[in-house]
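# Working through the structure, step by step
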Amino acid sequence: MDDEESNRRINDVYSKWEKKAPSLEDRVRATHNTGRSNAWENAFADHDVSAGRVERKMRQSKPRRRNMGGRGGGNSGRGGGGGHIALGALPPYAPKFAFDSGFSASESVCAIKHVFCGDSCTTCTAISKAKFTDKMLHLNSGHKNVLTVRPPVTASSFSHAAPYLSSAFSKHIAGSYPQVYKDVLASSRVKASIDQVVREEVIARNDSGAEAGIRRSVVKQAQSIAHSLSSSVSDVAIRCIGWLVYHVLRKLVTSLDIRYEEVKMLRKAMEERVPIVLLPTHRSHLDSLILLFVMFITEQQIPRTVAGDNLNLPLIATLFRNHGSFFIRRRLDQEEGKKDTLYRGILQEHIEQLLKQNQTLMFYTEGSRSRSGKVGEPKLGLMSVVVDAVVEGSISDIYLVPTSIAYDRTLESNSLASELMGHPKENETLWNTLCGLWRMLTGSIGQVRVNFGQPFSVNEYVRKQPHQLSQSDTGDSDSTQSSPAGGNTQVVSGRRSLVQSLGMHVRSTMERLVPAMSTHIVSCLLLTRFRRGVQMSQLCESYEWLENALRENRRDIGFTGSPAEAVSHACRVLSDVVDVSPVEIDDANCDEREDCFVTPSLTLPSVFQMTTCAAQILPSFLVESVMACSLHSMVYSSQKFIQNRTCEIDITQSELLTVAEDVCNLLRKEFDFTLPCQPLKTVLTSSLEKLMNRSVLSSPSSNAYSQRYRAETDVWDEEAEVGGSIKLKLKLSAYSRDWIQFFQSLLRPQLEIYWITTRQLCVLLDDGMEESKFVEAVKEQLQERLDAGLTEYSETVTVNPVRNAVKALLEDGTLVLEQGDAAAAGGDDDAPQLLFLAPEMCSQGAIDGLACSINDLMA
């Protein structure tokens, strides 16, 4: 069969599946019949009904593997934010999935098409939560595609002839943007930093007569640093950039969706004249451009963006500085082991002066782009500057706004996949940037969603954590000098704990804010249940089940449309890593004679394009996955699990929670399982009631269990834990087996990497090894297992989880870092430290025992 005939058949099957779903006009009409009269929402409906441009664009797209043009699914159209569409009942054509009885979303959850997931912490920021909670925020107010410009009928002829240019130059540039260069140099902090550097240099030279010359040199250096941090916001530059971004994004993405109620919430916070700090997720170099465009198009204050000096390139730097960005060193200290006091002091003062001028600040808490797709561990540097400004009274209060930017796929997915395998990162150059611009003009990354979380007060958060700030921390003059302005620097211990817990709260909100895009759900299914391929019809059924499960866990869905539309849209976006082929169905009981077979590419490094998408589903089921691994390890060795398919196994709550806590402790460097204000045991215990509702676990009396659960989660005492452990029964039905298998598979690649890392500790029995060489040895072992067919998880051949496993082993005391014997004997203090096994682990039996405990979780 030639390619043309194959493409025709694929398009026919796509059309057949999409026709089974209600038409776009019908879905809009159904929404209007619900009685909502939101003008913004009606505007969305107008955009969606008339959207056809991207339908044509999707037909003309040329994916690398196979041209899968044809009909555009769901809200993949130009106006396809589609937030107005109500889910209602499940479509009648959708077949029932095996898990449906246990995981079908409740009617109240399904009625909310787009769920707001950016609530701030009720325990730590209750006042902020009440202030910025609006009933409309939790209603289905829909999303707007900001790339759609439709001038009103009464607009001028110029607006109709050039709508994007007219829109860009008619927007109001909110706020004022003063320069803080002189204020920074005149501040007491910078003067103290200059004096300290001068004293150190005089002592180093041992020449007090040269102090005047040294001071002039240091002052000149300070002026140069302050000037390098300067930026401006030019009205003309912002409008020109806005017009260019309109055209670039219209070619690159199918829609850029925002939620109007979230924008209103952010505007309300800005009206209080409290400085705002936006903390977005970081997936792509496009993040800053997209967020700046959203702020411009919604007529809000343009944020001063903190960027790394790796982007300080000719032409690009000028463009960035004219819309408020400034560049900081990725490594603050130019000399290894020597703190650059002057640069740190000027950077911290620059940020404080911007906040004092009520400027909106934006920086990435993750530091760099996420390679794995997960929200990265927060860096404490810039966050500590914000906290210090409030704690020391320089600024009365600051609002933090967690923000998410979600993509169907990122523009740099290929290069990031290579870095996941341990290949060095390519340095940014002007040529690489121009090549990236060309890809932007010729590629397509599907939908993009921007969501804003609830602003919360730093002052309120600090006052809720008095135990983390000792009296010596507050007002300590040295603490302002040592507070990091980025990178890995030392922070006063009490304040460091405060900043760390604040970062965990922000990270948790970011994870909840990221909507589950159609590509995320499809990638998750293909990497867990259908690694060897699946028919399109079955993939649509599974998509519907997983979408309902996500809604049940209060997770927003990024694609509005039927499962068939969502799956076909995802397959088009992922066409270079997902192959779709037409197949004949030889089943007399089946009405349909044709279907498509979807096969994922599991080769390296293309598999990482799907793992980065699938990783964004895991936070919604993290606790369920931990409980599934724990249940599996407790019953796997039981003969009943193998012989009797419908038996029940007795377990105790205390045993189950102990194993679950061990799993959380093992993977603590990969995920945050709970917030600092929530005990881990409380979170795990609350999941038991969910397992009972889904008929995975049962207790002698559900009412008695609920009463006992409430009592135990309020107060945990020794008697309740040891003396009165609750007996539970694990129902080994087909459903519970499938439940355990699916949720265990979400964590299985991570567990396999940790298992191989512990097994590889045997190379340290004879001598120590540098950490980088040990990580490379583990990676080679993972590659050998894949080549030998001992594992089906090609995505385990990566280095980041191995590094995290080594960090966890160092914290646990399994490994220690010491100087090698040769370096110690030679007095070479600059020699790298080596990894050694702790004395109690220096035997093969101890290593095997540790590895077996991990293997039981995934065997």
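Provided above is the structure to which this section pertains.
Overview of the structure. (Residues numbered from 1 in each chain as written. Predicted model: local features only at pLDDT ≥ 70, side-chain atom pairs only at ≥ 80, totals over all residues. Heavy atoms only, no water.)

Okay, the pattern of salt bridges next. By the definition in use, this model includes 27 salt bridges. Residue glutamate 261 pairs with lysine 264 through a salt bridge whose shortest N-O separation is 3.7 Å. Taken as a pair, glutamate 261 and lysine 264 lie in helix H14 (residues 260-270) at a separation of 3 residues, close to a single helical turn. In this structure glutamate 261 comes out as buried when scored by relative accessible area, which is 6%. You can call lysine 264 partly exposed: its relative accessible area is 37%. In this structure, arginine 694 and glutamate 552 form a salt bridge, with 2.9 Å as the shortest nitrogen-oxygen distance. (Salt bridge = Lys/Arg side-chain N within 4 Å of Asp/Glu carboxyl O. Helix = DSSP H or I, 4+ residues; strand = E, 2+ residues; numbered from the N terminus. Buried < 20%, exposed > 50% of the residue type's maximum accessible area, 1.4 Å probe, protein only.)

Here the focus is the packing of helix H24 (residues 518-528) against helix H34 (residues 734-759). Put simply, H24 and H34 touch, their axes get as near as 10 Å, and they point 100 degrees apart. Between H24 and H34, the interaxial angle falls into the category roughly perpendicular. Facing H24, whose interface residues are Cys524, Leu525 and Thr528, H34 presents Phe742, Ser745 and Leu746. By residue class, the composition of the contact of H24 with H34 is 4 nonpolar, 2 polar and no charged. (Axes fitted to C-alpha atoms, helices over the stretch in contact; angles between N-to-C directions. Parallel < 35°, antiparallel > 145°, perpendicular 65-115°, else oblique. Contact = heavy atoms within 4.5 Å. Nonpolar A, V, L, I, M, F, W, Y, C, P; charged D, E, K, R; others polar.)

Our next topic: the nonpolar core. Formed by 104 residues in total, the largest nonpolar core has its most connected members in Leu631 and Leu697. Looking at which element gives the most residues to this core, the answer is H34, with 12 residues. Excluding its chain neighbours within four sequence positions, the residues that come into contact with leucine 631 are Ile651, Leu656, Leu691, Val696, Leu697, Leu730, Trp739 and Ile740. Core analysis: the next-biggest nonpolar cluster, separate from the first, contains 53 residues, Val197, Ile214, Leu229 and Leu347 among them. (Core = buried A, V, L, I, M, F, W, Y, C linked by side-chain atoms within 4.5 Å.)

Right, let's talk about the side chain of asparagine 553 for a bit. Considering the arrangement of structural elements, one finds asparagine 553 in the loop between helix H25 (536-552) and helix H26 (563-573). At 2.8 Å, the side chain of asparagine 553 forms a polar contact with the backbone oxygen of serine 620. If we ignore the near neighbours within four places in the chain, the residues touching asparagine 553 are Ser620, Phe621, Glu624, Lys690 and Arg694. (Polar contact = N/O pair within 3.5 Å; in protein donor to acceptor, adjacent residues only side chain to side chain.)

With omega at 0 degrees, the peptide bond leading from leucine 604 into proline 605 counts as cis. Position of proline 605 relative to the elements: it lies in the loop between strand S12 (594-600) and helix H27 (607-614). Of note in this structure, glutamate 299 is not a glycine but carries a positive phi near 60 degrees. Mapped onto the fold, glutamate 299 is located in the loop between helix H15 (286-297) and strand S4 (304-308). Taking the relative accessible area as the measure of exposure, glutamate 299 reaches 34% and is therefore partly exposed. If you check the backbone angles, serine 695 has positive phi at about 65 degrees while not being a glycine. Tracing the sequence through the fold places serine 695 in the loop between helix H31 (680-693) and strand S14 (697-698).

Applying the stated rule across the entire model yields 9 aromatic pairs. For the pair tryptophan 739 and phenylalanine 743, a centre-to-centre distance of 5.0 Å together with 50 degrees between the ring planes defines the contact as tilted. A residue pair is termed a helical-turn pair when its members lie 3 or 4 positions apart in one helix, as tryptophan 739 and phenylalanine 743 do in helix H34 at 4 residues. An aromatic cluster is defined as three or more aromatic residues linked by ring pairs; in this entry it consists of Trp545, Phe621, Trp739, Phe742 and Phe743. The ring of tyrosine 343 carries arginine 329 above its face, with NZ or CZ at 4.0 Å from the centroid. Over the ring of phenylalanine 671 we find lysine 374; its NZ or CZ atom is 4.7 Å from the centre of that ring. (Phe/Tyr/Trp six-rings, centres within 6.5 Å; stacked < 30°, edge-to-face > 60°. Lys NZ or Arg CZ within 6 Å of the ring centre and 35° of its normal.)

What follows is about the pairing of strand S8 (residues 447-452). For S8, the tally of buried residues reaches 6 of 6 residues, placing the bulk of the element in the interior. Burial along S8 is two-sided: the residues Gln447, Arg449 and Asn451 and Val448, Val450 and Phe452 are all buried. As paired elements, strand S2 (residues 255-259) and S8 share 3 bridges and run parallel to each other. Bridge pairing links serine 255 to glutamine 447 in S8. Relative to S8, strand S7 (residues 399-407) runs antiparallel, the two being bridged by 5 bridges. Across the sheet, the residue bridging to tyrosine 407 is valine 448, located in S8. (Pairing = 2+ DSSP bridges.)

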